[in-house]
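# Topology and contacts: notes
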Amino acid sequence: ALVVALRVLGLGLLDWHQAYALAFTVVFVSQGWVMIRLANVCGFGPVGGPIAGLVGGIAILVDAGAYREGGWIYTVDYGVWPQALANSMTFLALAEILAALEANGRARVRAVVRAGLAAAGAMLAHQISLPVLVLTGAIVLAIVGLRRRARFGEVAVVVGAALEPAHGAELLLRPRGA
């Protein structure tokens, strides 16, 4: 879907190979960018966030990997880069859920919308996102929702609203009659 979207957005200036190459580049650049966002949301700050993102991005790129072991070989040689995109989108959804829990009012709504879009994008990129989103959503709910100062119901609504678009994407992907 990303390749097609880039081809369409290119207004005919990109051929299929160029759109594929651009999508491939976007996937690898997004991994570092998402690590920066997650580090910032987790409190590393304006200096620590980019450093943590850079370290995370470099670690992802230099991991040689092997068949079924992730890394460059699995992602590039076997063409499983949509799974890397799904992982990035999943981490972005988690970061935005955490940001939503720290925000109020319109800022919270915007963060929930970003989390929902990221979760749905993750599901559309690769199905492995579903169990990861469910598990991380449950972990966020347990850790953040059970803190003394947190309101469990409020956290449950934010997590549920953020992950509902992933459910919708899953329904689109499910084989009919299954």
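Below is a summary of the structure that appears in this document. (Residues numbered from 1 in each chain as written. Predicted model: local features only at pLDDT ≥ 70, side-chain atom pairs only at ≥ 80, totals over all residues. Heavy atoms only, no water.)

### As for the overall build of the chain
- Secondary structure assignment for the chain yields 8 helices and 0 strands.
- Secondary structure elements of the chain, listed N to C terminal, follow the sequence α-α-α-α-α-α-α-α.
- The globule rule puts the C-alpha radius of gyration for 178 residues at 16 Å, and the 17 Å found for the chain is close to it.
- The principal-axis extent of the C-alpha atoms belonging to the chain is close to 50 × 45 × 35 Å.
- The contacts of the chain with a sequence gap of at least 6 include a subset with a gap of at least 24, amounting to 57%.
- Surface accessibility of the chain: about 10,400 Å² in total, with carbon and sulfur atoms responsible for 69%.
- In the chain, 13 positive and 9 negative side-chain charges are present, and the distance between their average locations comes to 12 Å. (Helix = DSSP H or I, 4+ residues; strand = E, 2+ residues; numbered from the N terminus. Rg over C-alpha atoms; globule rule 2.2 N^0.38 Å. Contact = heavy atoms within 4.5 Å. Areas by Shrake-Rupley, 256 points an atom, 1.4 Å probe, with all protein chains shown as cover. Lys, Arg positive; Asp, Glu negative; His and termini not counted. Charge placed at Lys NZ, Arg CZ, Asp CG, Glu CD.)

### Details of the pattern of salt bridges
- Within the structure shown, the criterion is met by 2 salt bridges.
- Taking the shortest distance from any N to any O, the salt bridge between Glu96 and Arg37 comes out at 2.8 Å. Of the two residues, Glu96 sits in helix α5 (residues 81-102) while Arg37 sits in helix α2 (residues 16-41), which places them 59 residues apart along the sequence.
- One salt-bridge network, in which partners are shared between bridges, spans Arg37, Glu96 and Arg114. (Salt bridge = Lys/Arg side-chain N within 4 Å of Asp/Glu carboxyl O.)

### Brief notes about the packing of α2 against helix α3 (residues 45-62)
- Look at α2 against α3: their axes get within 7 Å of each other, and the N-to-C directions meet at 145°. Crossing angle aside, the handedness with which α2 passes α3 is right-handed. Of the residues in α3, those in contact with Phe28, Gln31, Gly32, Met35, Ile36, Ala39 and Asn40 of α2 are Gly45, Pro46, Gly49, Pro50, Ala52, Gly53, Leu54, Gly56, Gly57, Ile60 and Leu61.
- Looking at side-chain class alone, the contact of α2 with α3 contains 10 nonpolar, 8 polar and no charged residues. (Axes fitted to C-alpha atoms, helices over the stretch in contact; angles between N-to-C directions. Left-handed = near helix turned anticlockwise from the far one by under 90°. Nonpolar A, V, L, I, M, F, W, Y, C, P; charged D, E, K, R; others polar.)

### Remarks on a nonpolar patch on the surface
- On the surface, Leu54, Ile58, Ile60, Leu61, Val62 and Trp72 cluster together into a nonpolar patch covering about 550 Å² of accessible area.
- The leading source of residues in the nonpolar patch is α3, at 5 residues.
- Examined against the element boundaries, Leu54 turns out to sit in helix α3. (Patch = residues over 30% accessible without salt bridge, like charges linked within 9 Å, V, L, I, M, F, W, Y side chains within 5 Å.)

### Re the side chain of Arg108
- Relative to the elements of secondary structure, Arg108 occurs in helix α6 (residues 105-125).
- Judged by relative accessible area, Arg108 falls into the buried class, the value being 15%.
- Every residue in contact with Arg108, bar those within four places of it in the chain, is listed here: Ala100, Leu101, Ala103, Glu154 and Val158. (Buried < 20%, exposed > 50% of the residue type's maximum accessible area, 1.4 Å probe, protein only.)

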